[in-house]
Amino acid sequence: MSVVLQAARPTAPTVPADVAAHALPAPAATCLPALVGTGLPVPLVDGTTVAHANLDLAASAPALRSVADRVAALLPYHASVHRGAGYASTVCTAALEWARTTVGRFVGARSDDVVVFTRNTTDALNLLAGAVPGAVLCLDVEHHANLLAWRGGEHRVLRAAATVDATLAQLRAALEARPTALVAITGASNVTGEVLPLAEIADLAHSHGARLVVDAAQLAPHRRVDIAATGIDYVALSGHKLYAPYGTGALVGRRDWLDVATPYLAGGGAVVRVDAVGDGSPAEVTWTAAPHRHEAGTPNVPGAVALATACEALDAVIDEAAPAHERALSERLDAGLADIPGVRTLRIWHDAPDRVGVHSLTVDGYPAALVAAYLSAEHGISVRDGKFCAHPLLARLTGWAEGALRASLGLGTTAADVDRLLAALRTLVTDGPGVAYECVDGRWLPTADGRDTDPLGLGIGDEVTGAGRGCGH
């Protein structure tokens, strides 16, 4: 089915002239790590180009320049690890174990904690799900990664209350009511950016005989995570959120459950000894301890090195420079959004002790997916639209409707990016989109779109641009 929305006005300039009337003073420049792709020219539907305003960092962040450089330096040495006597293999083995130590240090791992490399946060949480010796309790505000991993048996989902204090009281009551092995909590909401008091939740879990795992996919790129200082038992994170988009994440935490759990994957590298008796019986296996117990097969060495290099770079700015930069931009964005009629920002708890730069909103009268298409096609701005793999939470905040928009800030975000978004939203609310859009198979696109969708020359056809939208919806 094709639904066409006609243009309501002539094509607007990329940044309307009223920006200066609404803009706040730009935050002071900070010395932050450089990103690959800064200033990337992107085409607009009118045939011009502008520098990309990437406000979709919560989905995946571009690589830090230091990350890309280190991976490039590693590639000539790329070889298998742990079981090779060659020089390149020795180099890669050392690099992998350096990465393990560096990631552990970044999250404040205790001396007896283990760092298991995974594909991403989802992979890490599913790995832990196979090691938990009892029931798991989580909130209904979680990303699907920290909701769907704990299904079946006695696992249960607790509805979050209207305030953080009330939510903690409900959490306490739930722990008192039924034995629980693990509490699974988001570090920062991927919808609203709100941060929970993790040290307090760790104490609460421990006082009731439970452990705490934190989904730090959104927290780790923005705030210091220190599992030893806060008492967190396990933390899961993703490289692609941490400016290391090379396919690696990590589960970091207490060793005992992981040392006795069924290996996450069965295969080479996860064993001490295998004996095949030859009488039709299964092979007899002596499994090794964690982390290698859960890392069967050849590991993603470039990904692990990329993740560790990003941790190394963020370690220098995560306590002061990065949060200060982000808070200034978040205040600028919040003030601007509050000044636009018909724009509603989403929150779970207004008493949250902290909030990272993740801002979700709706625009009256416009489907979120249409607004996202408009921002990209007419202004060169990337945001996320949909339900953000957090369906229960979006159902509570929006009543399902059309989902929401999410603008997420980070190291590469500038005041000009924020101002461009605010100006584009004001123009949309005041005048409507500048060109006609049609909805085909759930995806909004300009009806006449001459932008090149294959700048890499891969031979990608038009059908790819209309591919399914995944868990966002």
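Everything in this summary refers to the structure shown in the same document.

Procedures and definitions
- Residues numbered from 1 in each chain as written.
- Predicted model: local features only at pLDDT ≥ 70, side-chain atom pairs only at ≥ 80, totals over all residues.
- Heavy atoms only, no water.
- Helix = DSSP H or I, 4+ residues; strand = E, 2+ residues; numbered from the N terminus.
- Rg over C-alpha atoms; globule rule 2.2 N^0.38 Å.
- Buried < 20%, exposed > 50% of the residue type's maximum accessible area, 1.4 Å probe, protein only.
- Contact = heavy atoms within 4.5 Å.
- Areas by Shrake-Rupley, 256 points an atom, 1.4 Å probe, with all protein chains shown as cover.
- 1 Å grid on protein atoms, 1.4 Å probe; cavity = no way out; pocket = protein on both sides within 12 Å on 5 of 7 lines; lining within 4 Å.
- Points joined across faces, edges and corners; volume = space filled by probe spheres on them.
- Nonpolar A, V, L, I, M, F, W, Y, C, P; charged D, E, K, R; others polar.
- Pairing = 2+ DSSP bridges.
- Axes fitted to C-alpha atoms, helices over the stretch in contact; angles between N-to-C directions.
- Parallel < 35°, antiparallel > 145°, perpendicular 65-115°, else oblique.
- Left-handed = near helix turned anticlockwise from the far one by under 90°.

This part is about the overall build of the chain. A tally of helices and strands in the chain yields 14 helices and 22 strands. On C-alpha atoms alone, the chain measures out to a radius of gyration of 24 Å, which is about the 23 Å that the 2.2 N^0.38 rule sets for 473 residues. With respect to the three principal axes, the spread of C-alpha positions in the chain is 75 × 55 × 50 Å. Per-residue burial over the chain gives 53% buried out of 473 residues. Within the chain, contacts between residues at least 6 apart in sequence are counted, and of these 73% link residues at least 24 apart. Here the chain displays about 19600 Å² of accessible surface, and carbon together with sulfur accounts for 55% of that area.

Another point: the layout of surface pockets. Approximately 290 Å³ is the volume attributed to the second largest pocket. For the second largest pocket, the lining is made up of 18 residues, of which Phe117, Thr118, Arg119, Asp123 and Pro299 are closest to its centre. Listing elements by their share of the lining of the second largest pocket, those giving two or more residues are strand E5 (114–118) and helix H4 (121–129). Residue composition of the lining of the second largest pocket, grouped by class: eight nonpolar, seven polar and three charged.

What the four strands build is an open sheet, ordered E15-E17-E20-E19; its pairing is antiparallel. Where the open sheet ends on each side, the last strands, each with one partner, are strand E15 (343–345) and strand E19 (384–386). With strand direction ignored, the average angle separating the axes of adjacent strands in the sheet is 30°. As defined by bridge partners, E19 adjoins strand E20 (residues 404–408) across three bridges and the pair is classed as antiparallel. Bridge pairing links Gly386 to Ala404 in E20.

Now for the environment of Leu139. Along the chain, the position of Leu139 falls in strand E6 (residues 136–139). Looking at Leu139, the relative accessible area reads 3%, which means it is buried. Residues Leu139 and Asp56 lie 83 residues apart in sequence; the distance between their C-alpha atoms is 25 Å.

The next subject is the packing of helix H11 (residues 368–379) against helix H13 (residues 415–431). One can describe the packing of H11 onto H13 by two numbers: an axis separation of 11 Å at closest approach and a directional angle of 115°. Relative to H13, the element H11 lies roughly perpendicular. For the crossing formed where H11 meets H13, the hand is right-handed. Residues Val371, Tyr374, Leu375 and His379 of H11 touch H13, and the partners they reach there are Arg420, Leu421, Ala424, Leu425, Thr427 and Leu428.

The strand order across the open sheet built from seven strands is E5-E12-E11-E10-E8-E6-E7, with neighbouring strands paired in mixed fashion. Of all strands in the sheet, those bounded by a partner on one side alone are E5 and strand E7 (156–158). Adjacent strand axes in the sheet meet at a mean angle of 20°, parallel and antiparallel pairs treated alike. Of the pairings in the sheet, the one linking E5 to strand E12 (residues 249–253) comprises five bridges and is antiparallel in character.

For E12, the buried fraction is high: five of the five residues fall into the buried class. Of the two faces of E12, both are covered, the one formed by Gly249, Leu251 and Gly253 as well as the one formed by Ala250 and Val252. Strand direction decides the pairing type here: strand E11 (residues 234–238) and E12, joined by five bridges, are antiparallel. Paired with Leu237 across the strands is Ala250, a residue of E12.

Let us look at the pairing of strand E8 (residues 182–186). For E8, a buried count of five out of five residues is recorded, marking the element as mostly surrounded by other parts of the structure. Burial along E8 is two-sided: Leu182, Ala184 and Thr186 facing one way and Val183 and Ile185 facing the other are all buried. Relative to E8, E6 runs parallel, the two sharing three bridges. What sits directly across from Cys138, in E8, is Ala184. Pairing geometry for E8 and strand E10 (residues 211–215), over five bridges, is parallel. What sits directly across from Val183, in E10, is Leu212.

By themselves, these observations are geometric and do not establish any function.
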